[in-house]
Amino acid sequence: MTRSGDASTGCSVLENHAFSLSDNLRGRGIFCKFALMEVIYEDNHIIIVNKHPGEIVQGDKTGDEPLCDTVKRYLKEKYNKPGNVFCGVVHRLDRPVWGLVVFARTSKALARLNAMFRDGEVKKTYRAITRFKPSEPEARLTGYITSTERNNKSYVTPNPRPGAKEAILSYRLIASSDRYHLLEVNLETGRKHQIRVQLASIGCPIKGDLKYGDKRSNPDGSISLQAHKIEFIHPVSHEPVCVEAPIPQSDNLWQAFETILANQQ
């Protein structure tokens, strides 16, 4: 695996590579729903891919093919593996969200990664675009979240209540345009729709997120939230892993903010 140093993070960043699953599999009569799956990092124990809006990480009632099955077919094709291929789901991203998803290629890695996520040993950094500028340029938000299955929605309150789980994140404003603002968000807990509901609670719903109060949807059905970076100690080699997702190429606003950030350096 090719590594390049990143002075800003102090850990290795692995260069992205993409695999056109459909090109390889179409000739064998295997249907692939998504034309291109971006593999950001891969070794013998883990694989990290860049999820696109509309993709689901694990199967649900819609019956759509989950990303974990796409990863299995990628591994089966690339390594010419007979029989079943192991791919363990470690965590999830909401369907309309962009960004990094980690899968385990071995049961050993799955068990250790599950423990690392549970114990807060994985640092997850998100980027979110909002229409409204937060009143404070950076802050730590603490609340208590409950969720309902009926409308697939979460609710946050400032004080504990029965059944609620503590939710903590920190954010900072890193760029602004004439109409929008880019926030960097670090999660300390991982609750359902946590970033979406907590940013909405301070008057800053994520662009395109109608469920939590934004006024217009994005044309592609996405919300402007990206799982941008993930950092952890490798569960087997014990080496530091630091991976960043590419900026969404199909979204002009994300591209504009990339230019603004580059000019700020």
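Everything numeric here is computed off the predicted structure, so don't read it as measured data. (Residues numbered from 1 in each chain as written. Predicted model: local features only at pLDDT ≥ 70, side-chain atom pairs only at ≥ 80, totals over all residues. Heavy atoms only, no water.)

### Some details on empty space enclosed by the protein
Under the definition given, this model contains one cavity of 30 Å³ or more. Empty space within the largest cavity amounts to approximately 50 Å³. Looking at the lining of the largest cavity, the elements that each hand over two or more residues are strand S8 (123–130) and strand S13 (225–233). (1 Å grid on protein atoms, 1.4 Å probe; cavity = no way out; pocket = protein on both sides within 12 Å on 5 of 7 lines; lining within 4 Å. Points joined across faces, edges and corners; volume = space filled by probe spheres on them. Helix = DSSP H or I, 4+ residues; strand = E, 2+ residues; numbered from the N terminus.)

### Looking at the side chain of Arg105
Considering the arrangement of structural elements, one finds Arg105 in the loop between strand S7 (98–104) and helix H3 (107–118). Engagement of the side chain of Arg105 in a polar contact is seen with the backbone oxygen of Asp43, the distance being 2.8 Å. Apart from the residues within four sequence positions on either side, Arg105 is in contact with Glu42, Asp43, Asn44, His45, Ile46, Ile47, Leu75, Tyr79, Lys81 and Phe86. (Polar contact = N/O pair within 3.5 Å; in protein donor to acceptor, adjacent residues only side chain to side chain. Contact = heavy atoms within 4.5 Å.)

### Brief notes about the layout of surface pockets
Put simply, the largest pocket is a space of about 1,500 Å³. Residue lining of the largest pocket: 46 residues in total, with Arg92, Leu93, Asp94, Lys192 and His193 positioned closest to the centre. Those elements giving two or more residues to the lining of the largest pocket turn out to be H3, S8 and helix H4 (194–201). Looking at which element gives the most residues to the lining of the largest pocket, the answer is H3, with four residues. In the lining of the largest pocket, the residues fall into 15 nonpolar, 15 polar and 16 charged. (Nonpolar A, V, L, I, M, F, W, Y, C, P; charged D, E, K, R; others polar.)

### Section: the confidence of the model for the protein
Close inspection of predicted coordinates is inappropriate for parts of the model with low pLDDT. Averaged over the protein, the pLDDT score is 87; the fraction of residues at 70 or greater is 86%. Note on residues 1–35: pLDDT is under 50 here. Beyond four places in sequence and across chains, it has 72 contacts. (pLDDT = per-residue confidence, 0-100.)

### A short note on the pattern of salt bridges
Following the criterion strictly, the structure yields 10 salt bridges and no others. Residue Asp214 is joined to Arg131 by a salt bridge in which the shortest nitrogen-to-oxygen separation is 2.7 Å. Of this pair, Asp214 sits in the loop between H4 and S13 while Arg131 is found in the loop between S8 and strand S9 (138–148), placing the two residues 83 residues apart along the sequence. When its relative accessible area of 5% is taken as the criterion, Asp214 is described as buried. The salt bridge partner of Arg140 is Glu188, with a shortest N-O separation of 2.9 Å. Taken together, the positions of Arg140 in strand S9 and Glu188 in the loop between strand S12 (181–187) and H4 put the pair 48 residues apart, joining distant regions of the chain. (Salt bridge = Lys/Arg side-chain N within 4 Å of Asp/Glu carboxyl O. Buried < 20%, exposed > 50% of the residue type's maximum accessible area, 1.4 Å probe, protein only.)

### Re helix H5 (residues 252–264)
Taking 1.5 Å of rise per residue, 13 residues should cover 18 Å, and H5 covers 19 Å from first to last C-alpha, within 8% of that figure. Those residues of H5 lying buried are Leu253, Trp254, Phe257 and Leu261. The buried residues of H5 all sit within an arc of 100 degrees when viewed along its axis, so they share a single face. Structural note: H5 exposes Asn252 and Asn263 on the side pointing more than 90 degrees away from its buried face. (Expected span 1.5 Å × (residues − 1). Arc of directions from axis to C-beta.)

### Notes on the nonpolar core
Counting 32 residues, the largest nonpolar core has Val49, Phe103 and Ile195 as its most contacted members. The element that contributes the greatest number of residues to this core is helix H2 (residues 67–78), accounting for five residues. Discounting residues that sit within four places of it in the chain, Ile195 has contacts with Tyr126, Leu169, Val185, Leu187, Ile206 and Leu225. Counting residues in hydrophobic clusters, the runner-up holds 19 residues, among them Tyr41, Val90, Val122 and Phe232. (Core = buried A, V, L, I, M, F, W, Y, C linked by side-chain atoms within 4.5 Å.)

### What about the state of the cysteines?
Tallying each qualifying case throughout the model produces zero disulfides. In this structure Cys68 is not part of a disulfide, and its nearest cysteine sulfur, from Cys87, lies 5.9 Å away. Residue Cys68 is classed as buried on the basis of its relative accessible area, which comes to 8%. (Disulfide = S-S within 2.5 Å.)

### Focus on the pairing of strand S4 (residues 37–42)
With six of six residues buried, S4 lies mostly within the body of the structure. Note that S4 and strand S5 (residues 46–51) share four bridges and pair antiparallel. When the sheet's bridge partners are listed, Tyr41 is paired in S5 with Ile48. Remark: three residues form the turn of the hairpin made by S4 and S5, two consecutive strands paired antiparallel. (Pairing = 2+ DSSP bridges.)

### Digging into the environment of Pro53
Note on placement: Pro53 falls in the loop between S5 and H2. The spacing of Pro53 and Asp94 is 41 residues in sequence and 8.5 Å in space, taken between C-alpha atoms. Contacts of Pro53, omitting those with residues within four sequence positions, involve Arg95, Pro96, Val97, Trp98 and Ser222.

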